[in-house]
Amino acid sequence: MDISIFGLGYVGAVCSACLAHSGHRIIGVDVSQLKVDLVNNGRSPIVELGLGEMIAEGVENGRLRASTDVRNAVLETSVSFICVGTPSNPNGSLATHYLEAVCRDIAEVLAEKDGYHLVVIRSTVLPGTVMDLVLPILEQYSGKKAGPDFGLAMNPEFLRESTAIEDFYEPEITVLGEFDQRSGDLLESIYGFLDTPIIRKSISVAEMIKYTCNAWHATKVAFANEIGSVAKKLGVDGREVMTVVCQDKKLNISPYYMRPGFAFGGSCLPKDVRALTYLGRNRDLKLPLLESLLPSNSSHISSGFNIIEGTGKRRIGVLGISFKAGTDDLRESPVVELVEMLFGKGYEIKIYDKNVDYARVHGANKEYIETRIPHVSNMLMASIQEVVDGSDVIVLGNASEEFRAVADSMDVSKQVIDLVGFMTKVSCSQKLGICW
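As a starting point, this report considers the structure included with it. Remember, it's a predicted structure, so these values are computed and weren't measured experimentally.

### Overview of the overall build of the protein chain
Of regular secondary structure, the protein chain possesses 18 helices and 13 strands. Expressed as lengths along the three principal axes of its C-alpha atoms, the size of the protein chain is roughly 80 × 60 × 40 Å. Expressed as a percentage of the 436 residues in the protein chain, the buried residues total 46%. Partitioning the contacts of the protein chain with sequence separation of at least 6, the portion at a separation of at least 24 is 69%. Within the structure as shown, the protein chain displays about 21,600 Å² of accessible surface, and the carbon and sulfur contribution to it stands at 53%. Between the centroid of the 43 positive side chains of the protein chain and the centroid of its 55 negative side chains there is a distance of 4 Å.

### Comments concerning unusual backbone geometry
Of note in the backbone geometry, Asp284 takes a positive phi value of approximately 60° without being a glycine. Among the structural elements, Asp284 can be located in the loop between helix 11 (269–282) and helix 12 (288–310). Unlike most non-glycine residues, Glu332 shows phi in positive territory, near 50°. On the secondary structure map, Glu332 appears in the loop between strand 9 (315–319) and helix 13 (334–344). A relative accessible area of 35% places Glu332 in the partly exposed class.

### Things to note about the environment of Leu194
Mapped onto the fold, Leu194 is located in the loop between helix 8 (181–190) and strand 8 (198–202). In contact with Leu194, not counting residues within four places along its chain, are Phe168, Tyr169, Pro171 and Thr174.

### Remarks on the packing of aromatic side chains
Per the stated rule, a full pass over the model turns up eight aromatic pairs. A ring pair is formed by Phe168 and Tyr191, whose centres lie 6.4 Å apart and whose planes are at 50°; its orientation type is tilted. Within this pair, whereas Phe168 is found in helix 7 (residues 164–169), its partner Tyr191 is found in the loop between helix 8 and strand 8, the two being separated by 23 residues in sequence. As far as the burial class goes, Phe168 and Tyr191 line up, both buried. Ring geometry for Tyr352 and Phe403: centres 6.3 Å apart, planes at 80°, overall edge-to-face. Of this pair, Tyr352 sits in strand 10 (residues 348–352) while Phe403 sits in helix 18 (residues 402–409), and the two are 51 residues apart along the sequence. On the basis of relative accessible area, Tyr352 is assigned to the buried category, the value being 10%. Taken together, the ring pairs connect Phe168, Tyr169, Tyr191 and Phe193 into an aromatic cluster. A cation over a ring is seen here: Arg182 above Tyr116, with NZ or CZ 3.5 Å from the ring centre. Here Arg314 stacks its cationic end above the ring of Tyr347, 3.8 Å away from the centre of that ring.

### Here's the deal with the environment of Gly266
Residue placement: Gly266 occurs in the loop between helix 10 (238–245) and helix 11. What makes Gly266 buried here is its relative accessible area of 1%. Each C-alpha atom, one on Gly266 and one on Thr96, is 44 Å from the other, the two residues being 170 residues apart in sequence. When residues no more than four places from it in sequence are discounted, the contact partners of Gly266 are Phe323, Arg331, Glu332 and Ser333.

### A short note on the nonpolar core
Soluble globular proteins tend to pack their nonpolar side chains together in the buried interior. In terms of nonpolar packing, the biggest core is built from 36 residues, with Ile3, Ile5, Val14, Leu19, Leu51, Phe81 and Leu187 touching the most fellow members. The biggest single contributor to this core is helix 1 (residues 10–21), with nine residues. With residues near it in sequence (within four places) discarded, Val14 still touches Ile46, Leu51, Leu159 and Ala164. Membership of the second largest hydrophobic core comes to 31 residues, among which are Leu99, Ala107, Val125 and Ala146.

### Examining the packing of helix 9 (residues 203–233) against helix 12
When two helices pack together, their arrangement is given by the angle between their axes and by how far apart the axes lie. Interhelical geometry of helix 9 versus helix 12 gives an angle of 110° and a closest axis separation of 8 Å. For the element pair helix 9 / helix 12, the angle class is roughly perpendicular. Together, Thr219, Ala222, Phe223, Glu226 and Ile227 of helix 9 and Pro288, Leu289 and Leu290 of helix 12 make up the contact between the two elements. The residue inventory of the contact of helix 9 with helix 12, partitioned by class, reads six nonpolar, one polar and one charged.

### Details of the sheet that holds strand 2 (residues 25–29)
Read across the sheet, eight strands follow the order 3-2-1-4-5-6-7-8 without closing on themselves; strand pairing throughout is mixed. Of all the strands in the sheet, just strand 3 (64–67) and strand 8 have a single pairing partner and so form its edges. Ignoring strand direction, the axes of neighbouring strands in this sheet form an average angle of 25°. Where strand 7 (residues 174–178) and strand 8 come together, five bridges link them in parallel fashion. From the neighbouring strand, Thr174 faces strand 8, where its bridge partner is Ile198.

About the criteria used
- Residues numbered from 1 in each chain as written.
- Predicted model: local features only at pLDDT ≥ 70, side-chain atom pairs only at ≥ 80, totals over all residues.
- Heavy atoms only, no water.
- Helix = DSSP H or I, 4+ residues; strand = E, 2+ residues; numbered from the N terminus.
- Buried < 20%, exposed > 50% of the residue type's maximum accessible area, 1.4 Å probe, protein only.
- Contact = heavy atoms within 4.5 Å.
- Areas by Shrake-Rupley, 256 points an atom, 1.4 Å probe, with all protein chains shown as cover.
- Lys, Arg positive; Asp, Glu negative; His and termini not counted.
- Charge placed at Lys NZ, Arg CZ, Asp CG, Glu CD.
- Phe/Tyr/Trp six-rings, centres within 6.5 Å; stacked < 30°, edge-to-face > 60°.
- Lys NZ or Arg CZ within 6 Å of the ring centre and 35° of its normal.
- Core = buried A, V, L, I, M, F, W, Y, C linked by side-chain atoms within 4.5 Å.
- Axes fitted to C-alpha atoms, helices over the stretch in contact; angles between N-to-C directions.
- Parallel < 35°, antiparallel > 145°, perpendicular 65-115°, else oblique.
- Nonpolar A, V, L, I, M, F, W, Y, C, P; charged D, E, K, R; others polar.
- Pairing = 2+ DSSP bridges.

Put into structure tokens, the structure is as follows:
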């Protein structure tokens, strides 16, 4: 395929070389004559292991060349990748002036070009940028419409410096954000040389995936560093600790705790985070990430309260009050805390949880219920139907399977608030999700 790649910085140079090596014909485009000359002379404009040899190979076999001529590059190719930088502004916002300029340049050429052309954003941009900024520019300056006249897609990159070529050919994920199926089909065909699965999503989801990955990587580094600082104060080698922690692929390095939902609770997580941060303060350690965990958790409970308050209704039914389905444990349950907030504001509350109802009579939590939250005990109903009949808002508090059918079959006169993820779609007027 004939492909033009705009921006011969880190991402653009690597993609140009790798796509040429995989059989495509590439025109790299950059405003810098120096970068263009380096590529055309078979040399890499950046330092990256193996890239110089790959560029030299592409130039020698005629599949890779570079140019400053935007018009020629667009007219001679059927796909344009935009890989220009999106640096930070002084206030932390994203600078998009390079992206905007390239989009205008490409669009002005599309205005005179016959045939379908696909524009792929590979630059890192915040969710909404492609649809709210890039798309209007392309349509305005080309006089054409996305879909019938040209394609549009988002293709975030996951290349690490020093291992970029390996990452390009052996990615864990290849994400394609598509404006429509035609755009996605054409973009996917470019990656036919990959053996790994292609993940096709909407453009906004693809944009968000990139930022989520980078934020998660930054979080992991900060977390490991803070754990290492605590360990050192205790005379422990933090590297040894984290090596073992990472061997647990069931809980530690897994999807288990990575599903958006309600706040954490129970007998372990709040207590142990509290103890670890207390230890850090006593040892004069600054642990801003670890110390932010409980405030972040509390703010999520407040978000749940705000969603309920926003309905304007006062009769609230809660299905599931233990911190986790299949248990009667109410210790530091975020749903209990939510109910306490509602109770304090004068809401009428009914609760059903078969495990907690059993615990009220026989369970290990009997004393806790009767001495710590007796008013919550008085809200417990004997059946789901009692809660549903006496409430205008139904809150799904934990993931007990018996509540899934209730959420799916709820009368339209009732408002459902899902804290656990039973909803298969995003929030609508009748069903509101905590994170979706």
